[in-house]
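Summary of structural features
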There are 2 protein chains.
Amino acid sequence: MADQTNGRSPRAQQIVETARALLEEEGVGALTMRRLADRLGIKAPSLYKHFPDKRAVEVALISLLFEELAEALEAAEAAEADSSGARDPLTELFAAYRTYALAHPHLYRLSTEGPLPREALPEGLEERAAMPLVRVCDGSEHLSRAVWAFAHGMVALEIHGRFPPGADLDKAWRTGLAAFSG
Amino acid sequence: MADQTNGRSPRAQQIVETARALLEEEGVGALTMRRLADRLGIKAPSLYKHFPDKRAVEVALISLLFEELAEALEAAEAAEADSSGARDPLTELFAAYRTYALAHPHLYRLSTEGPLPREALPEGLEERAAMPLVRVCDGSEHLSRAVWAFAHGMVALEIHGRFPPGADLDKAWRTGLAAFSG
DNA sequence: GTCTATACCCGGATAGAC
DNA sequence: GTCTATCCGGGTATAGAC
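Residues numbered from 1 in each chain as written. Chains lettered and ligands numbered in written order. Predicted model: local features only at pLDDT ≥ 70, side-chain atom pairs only at ≥ 80, totals over all residues. Heavy atoms only, no water.

1. Section: the interface of chain A and chain B
Taken residue by residue, the interface counts 35 residues in chain A and 36 residues in chain B. Interface area, chain A with chain B, both sides summed: about 2,900 Å², of which 64% is carbon and sulfur. Looking only at chain A, the three residues that lose the most surface to chain B are A:His142, A:Arg145 and A:Arg162, adding up to 24% of its buried area. Counting across the chain A and chain B interface gives 0 salt bridges. Remark: the boundary between chain A and chain B carries 13 residue pairs in polar contact (both at pLDDT 80 or more). No other element matches helix α8 (residues 141–159) of chain A, which puts 12 residues into the side of chain A that touches chain B. Here the side of chain A that touches chain B is built from residues that sort into 17 nonpolar, 10 polar and 8 charged. (Contact = heavy atoms within 4.5 Å. Buried area = accessible area lost by both parts, 1.4 Å probe. Salt bridge = Lys/Arg side-chain N within 4 Å of Asp/Glu carboxyl O. Polar contact = N/O pair within 3.5 Å; in protein donor to acceptor, adjacent residues only side chain to side chain. Helix = DSSP H or I, 4+ residues; strand = E, 2+ residues; numbered from the N terminus. Nonpolar A, V, L, I, M, F, W, Y, C, P; charged D, E, K, R; others polar.)

Shown next as structure tokens:
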């Protein structure tokens, strides 16, 4: 349970939370400085006392996703370990990844469909989010990248409604699971 | 080699081609009615004599991608068949998918990161683009969806520079190939 | 089929007063 | 830290003349 405030002031923290709610409820297109200020009951120019520009707010949101996704995957990892082999580790990680992404589709899209602000991200966060998958792949980079691509592809296509209506996606996930486990 | 004009006038066809060039050279953000008109040497309002709105231009571009992707995959399929088993069919399809997507990243993004205009797309086109993959999966819907998700995930992560700099992505593709072939 | 002119709305961001 | 006022730019789209 890492600290997600990153040394921001309480007010700045509140702005990020509000931005998140705005994003998740109304999508990327609704995330504007004016709309954000409206929700906070202030005027847009006031936001610039807390963040240098809009991008800084977005970076804070992206960091939030990485943080939470890392926690969700680490929790799935721990739950599997506790069960002493009664569950399959990759199954748990897939479920955690899918559940998190589909619960926050707009945040996932923001983090995934734009440039990744590697320099602005907290040190080591990106790697931390990737580690559970790398561990379950026994450290194989190539395998973990392929597995990650599958999970991201499933989630992205699902979020954008790309599969035929009524498609049994649980089965598709299990098919991928079997392919990468076997 | 299907007709991609869809009964559009030569002028409308020229507009689509210009829109495509604009998109591919400068990205989605540059695809505006003003910029498009500039390239054509006309004024933005004139575009509305040929297309009802901007979305119609985008739909034409998305149709173009489906058409070309279908052709690329069908060509890979045919090439494999001609080789009498000397090549692996899924390998060929993956290569064709990846090559096409990376050659047209902005068009791929436009077609993939927004709502899919199913009703406005030419009849049967979406299915046609999917069929080569379904055929190589021996008609298994679940497997073909999983394979598609992997390919889309790889391409999407690659386009957005999500993999670590210097990562050997050929190996990741081959790992996915092995998983789904084995 | 193209033009000019324009309406309308939205965005990010800054200056300077309080 | 918030405000008002404002700049500047951009977008989609329409009306009406030629």
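The discussion continues.
2. Some points on the protein's contact with DNA strand C
Every one of the 16 residues lining DNA strand C counts as a neighbour, but A:Arg34, B:Arg11, B:Lys43, B:Lys49 and B:His50 are closest to it. Considering the 4 Å shell around the protein, atoms of DNA strand C inside it are sugar or phosphate in 54% of instances. Between a phosphate oxygen of DNA strand C and a side-chain N or O atom of A:Tyr48, the distance comes to 3.0 Å. When residues of the surface near DNA strand C are traced back to their parent elements, those giving at least two are α2 (33–40) of chain A together with α3 (44–47) of chain B. (Near = heavy atom within 4 Å.)

3. Section: the packing of aromatic side chains
Evaluated as defined, the whole model comprises 15 aromatic pairs over all chains. Here a set of aromatic residues connected by ring pairs shows up, and it is made of A:Phe94, A:Phe150, A:Trp173, A:Phe180, B:Phe94, B:Phe150, B:Trp173 and B:Phe180. (Phe/Tyr/Trp six-rings, centres within 6.5 Å; stacked < 30°, edge-to-face > 60°.)

4. Details of the packing of helix α1 (residues 10–26) of chain A against helix α4 (residues 54–82) of chain A
Residue and element names in this part refer to chain A. Across the interface, α1 lies against α4 with an axial gap of 10 Å and an inter-helix angle of 80°. Judged on the interaxial angle alone, α4 and α1 are roughly perpendicular. Packed against α1, whose contacting residues are Val16, Ala19, Arg20 and Leu23, the element α4 presents Val57, Ala60, Leu61, Leu64 and Glu68 at the interface. Partitioned by chemical class, the residues of the contact of α1 with α4 number 7 nonpolar, no polar and 2 charged. (Axes fitted to C-alpha atoms, helices over the stretch in contact; angles between N-to-C directions. Parallel < 35°, antiparallel > 145°, perpendicular 65-115°, else oblique.)

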